[in-house]
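# Topology and contacts: notes
Here's the letter readout for the chains.
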Amino acid sequence: MPRVAFATGFGAEGCVLIDLIGREKLPIDIFTLDTGVLFPETYALWRALEAKYGITIRAVPPAQVIDKLWESDPDRCCDLRKVQPLREALRGFGAWITAIRRDQTPERANAAVVESDTKFGLIKINPLVRWTHDDVWGHLYAHDVPTNPLHQQGYPSIGCTPCTSPIVPGENLRAGRWRGVAKTECGLHVKGDK
Ligand code: SF4
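Notes on the structure in this doc start here.

What counts as what
Residues numbered from 1 in each chain as written. Predicted model: local features only at pLDDT ≥ 70, side-chain atom pairs only at ≥ 80, totals over all residues. Heavy atoms only, no water. Near = heavy atom within 4 Å. Helix = DSSP H or I, 4+ residues; strand = E, 2+ residues; numbered from the N terminus. Nonpolar A, V, L, I, M, F, W, Y, C, P; charged D, E, K, R; others polar. Buried < 20%, exposed > 50% of the residue type's maximum accessible area, 1.4 Å probe, protein only. Arc of directions from axis to C-beta. Contact = heavy atoms within 4.5 Å. Salt bridge = Lys/Arg side-chain N within 4 Å of Asp/Glu carboxyl O.

Attention now moves to the site of the ligand. Taken together, Val37, Trp70, Pro74, Cys77, Cys78, Arg81, Lys82, Cys160, Cys163 and Trp178 form the complete shell of residues around the ligand. Element by element, the count of residues in the shell around the ligand is highest for helix H4 (residues 74-89), at five residues. Looking at side-chain class alone, the shell around the ligand contains eight nonpolar, no polar and two charged residues.

Think of an α-helix as turning once every 3.6 residues; residues three or four places apart then point the same way. When helix H5 (residues 133-142) is considered as a whole, its buried residues turn out to be Val136, Trp137, His139 and Leu140. Considered in projection along H5, the buried side chains sweep an arc of 155 degrees and stay on one side of the axis. The exposed residues of H5 that point more than 90 degrees off its buried face are Asp134, Tyr141 and Ala142. The inward-facing, buried residues of H5 contact helix H1 (12-24). Taken from the residues just after H5, aspartate 144 is the one with a positive phi, measuring 50 degrees.

Positionally, valine 83 belongs in helix H4. Its relative accessible area of 1% is what places valine 83 among the buried residues. Sequence separation of valine 83 and cysteine 186 is 103 residues, and the distance between their C-alpha atoms is 7.7 Å. Contacts of valine 83, omitting those with residues within four sequence positions, involve Cys78, Lys119, Phe120, Cys186, Gly187 and Leu188.

It is worth spelling out the pattern of salt bridges at this point. The full count for this structure, using the stated rule, is nine salt bridges. Its salt-bridge partner being aspartate 103, residue arginine 101 comes within 2.4 Å of it at the nearest N-O pair. Judged by relative accessible area, arginine 101 falls into the buried class, the value being 2%. Sharing partners across several salt bridges, the network here consists of Glu13, Arg101 and Asp103.

And the structure:
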């Protein structure tokens, strides 16, 4: 079993890392938190990446599904569909890789390339923290990497269908996530225990 896992949500940055892992055939377990309410375009991209690189990207299901919980309690919904499943999925690994970049949100501005992840109890590796938006897209175009077509329709950051909306010019790239709610992260990259 690989000692390192990569948790991807199939964002542009995640596609860069899948391309690198796939082309170099690195012994890294790749999985995604399949909340069950991802966009059809995201599910199609998942299959396209597996086909292009000849890899399997494991689906990690929710701990519990409560219908439309995102409307009444999005933090609890993210905990059940993402945070708890991630904790289980990372059990037994020595390190996990993420695709976060420092300029995505204020919470990510101080992320290091290698951190001790006290929340999940292992090493966290963030290889793209110093990459810019243009670095990411330069790599994707240069290597003909499949990406989510929603990026060209106003969705720079794509999560679950009920909690993702397009942005307008001038908005933060993650402004379309949990729009209208005082929430910017699903809890996967927030330091410390909840
Ligand atoms: S992003 Fe929305 S639908 Fe997805 S787990 Fe979080 S609250 Fe639930």
